[in-house]
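Observations on the three-dimensional arrangement
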Amino acid sequence: LPMPSSGQPLGASARHPARTFGVVKLDFLIDECLHRRLVDLAAARGHLAEHVVRLGLAGTPDGLIAGAAVGRGAVLVTNNRRDFRRIYARLPRHPGLAVIVPNGPLALQAPAFEGLMIHLEDHAPADCLVEIDAAGAVTLEPWSAARSD
């Protein structure tokens, strides 16, 4: 895609991730409560991803993790639903919050994360809360300080 002086592909915005040859490329920050191998699953689908532990942020307070995700323009993927829902509800804008419910071993996390990625490739996650449950049902709702309750 052509790149304007801002460095962001033309047609891309916080609401509409960059498309490369028709494929949406997303950026994920995987929380420490989830398996590190989810980074590899994202890469296999052509997405960017980092794990909190690999970035040296293990044990970092949740508010700072949220700040790191927002600062890099990444969708935060977590199992910590309660704390991050509260944090993200106060943010005026964010790239998205994705929650895998419930937590479990990689054998449960991997298919849930795959389901999230497939859904997000067709639905821009900016300023939204996206959740996937054990049955694979995905919900997406506006979730920021700008939402109207």
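Residue numbering note: each chain is counted from 1, following its sequence as written. Given that the model is predicted, a residue must reach a pLDDT of at least 70 before its local features are reported, and side-chain atom pairs must reach 80 or more before they are shown or counted; all residues, however, enter totals for whole chains, interfaces and linings. By convention in this description, side-chain values take in all heavy atoms of the structure and omit both hydrogens and water.

**Quick word on the overall build of the chain**
In DSSP terms, a helix is any run of H or I states spanning at least four residues, a strand is any run of E spanning at least two, and both are numbered starting from the N terminus. Each helix and strand in the chain was counted, giving four helices and eight strands. Starting at the N terminus and walking to the C terminus, you meet the elements of the chain as β-β-β-α-β-α-β-α-β-α-β-β. For the chain, buried positions account for 40% of its 149 residues. Residue pairs at least 24 apart in sequence account for 48% of intrachain contacts in the chain once pairs closer than 6 positions are excluded. All accessibility values rest on the Shrake-Rupley procedure with a 1.4 Å probe; residue burial counts only the protein chains present in the view. Of the roughly 7600 Å² that the chain leaves accessible, carbon and sulfur atoms contribute 57%. Summary of the burial criterion: residues with accessible area below 20% of their type's maximum are buried, those above 50% are exposed, and those between are partly exposed, where the area comes from a 1.4 Å probe applied to protein chains only. Every residue pair with non-hydrogen atoms within 4.5 Å of one another is taken to be in contact.

**A look at unusual backbone geometry**
In this model, D127 sits at a positive phi of 60°, which is unusual for a non-glycine residue. Within the fold, D127 resides in the loop between α4 (106-122) and β7 (128-132). Residue classification places D127 among the buried positions, given a relative accessible area of 5%.

**Structural notes on the nonpolar core**
What we call a nonpolar core is a set of buried Ala, Val, Leu, Ile, Met, Phe, Trp, Tyr and Cys residues that are connected through their side-chain atoms within 4.5 Å. Counting residues in hydrophobic clusters, the biggest one holds 20 residues, and the most contacted among them are F28, I30, V77, I100 and F113. Listed by contribution, the elements that provide at least two residues to this core are β3 (27-30), α1 (38-44), β5 (75-78), β6 (97-100), α4 and β7. No other element matches the five residues that α4 contributes to this core. Sequence-distant contacts of I30, that is, excluding residues within four places in its chain, are made with H35, L38, V39, E50, H51, V52, V77 and F113. Within the second largest apolar cluster, 15 residues are counted, among which are L29, V52, A69 and I87.

**Re the side chain of H94**
Summarising the element assignment, H94 is placed in the loop between α3 (81-89) and β6. When its relative accessible area of 3% is taken as the criterion, H94 is described as buried. In terms of polar contacts, H94 uses its side chain to reach the backbone carbonyl oxygen of W143, at 2.5 Å. Those residues within four positions of H94 in sequence are excluded, and the remaining contacts are V70, Y88, A126, D127, C128, W143 and S144. The term polar contact refers here to a pair of N or O atoms within 3.5 Å; inside protein, the definition further demands a hydrogen-donor-capable atom paired with an acceptor-capable atom, and it admits residues adjacent in sequence only when both atoms are side-chain atoms.

**Notes on the packing of aromatic side chains**
By convention, a stacked pair of Phe, Tyr or Trp rings (six-membered ring in the case of Trp) has centres within 6.5 Å and planes under 30 degrees apart, an edge-to-face pair has planes over 60 apart, and any other such pair is tilted. One pass over the full model with this rule turns up two aromatic pairs. Relative to F113, the ring of F28 has its centre 5.2 Å away and its plane inclined at 75°; by these criteria the two rings are edge-to-face. With F28 in strand β3 and F113 in helix α4, this residue pair connects regions lying 85 residues apart in the sequence. According to the relative accessible area criterion, F28 is buried, its value standing at 1%. An angle of 65° between the planes, with centres 6.4 Å apart, marks the rings of F84 and Y88 as edge-to-face. One end of the pair, F84, and the other, Y88, are both in helix α3, four residues apart, so they sit about a helical turn from each other. Given the relative accessible area of 0%, F84 is considered buried.

**Describing the pairing of β5**
Here β5 shows two buried faces, one formed by V75 and V77 and the other by L76 and T78. In this structure, β5 lies alongside β6, joined through three bridges in parallel fashion. By the bridge assignment, T78 is partnered in β6 with V99. When the strands point away from the viewer and the connection leading from the first strand across the helix to the second strand turns clockwise, the crossover is called right-handed. In this fold, β5 hands off to α3, which returns the chain to β6; that crossover is right-handed. Pairing between two strands requires that DSSP report at least two bridges joining them.

**Details of the side chain of H47**
Mapped onto the elements, H47 comes out in the loop between α1 and β4 (48-51). Of the polar contacts made by the side chain of H47, one reaches the backbone nitrogen of L26; its length is 2.9 Å. Among the polar contacts made by the side chain of H47, one reaches the side chain of E121 at a distance of 2.7 Å. If near-sequence neighbours (up to four positions away) are discounted, H47 is found in contact with V24, K25, L26, F28, A42, M117 and E121.

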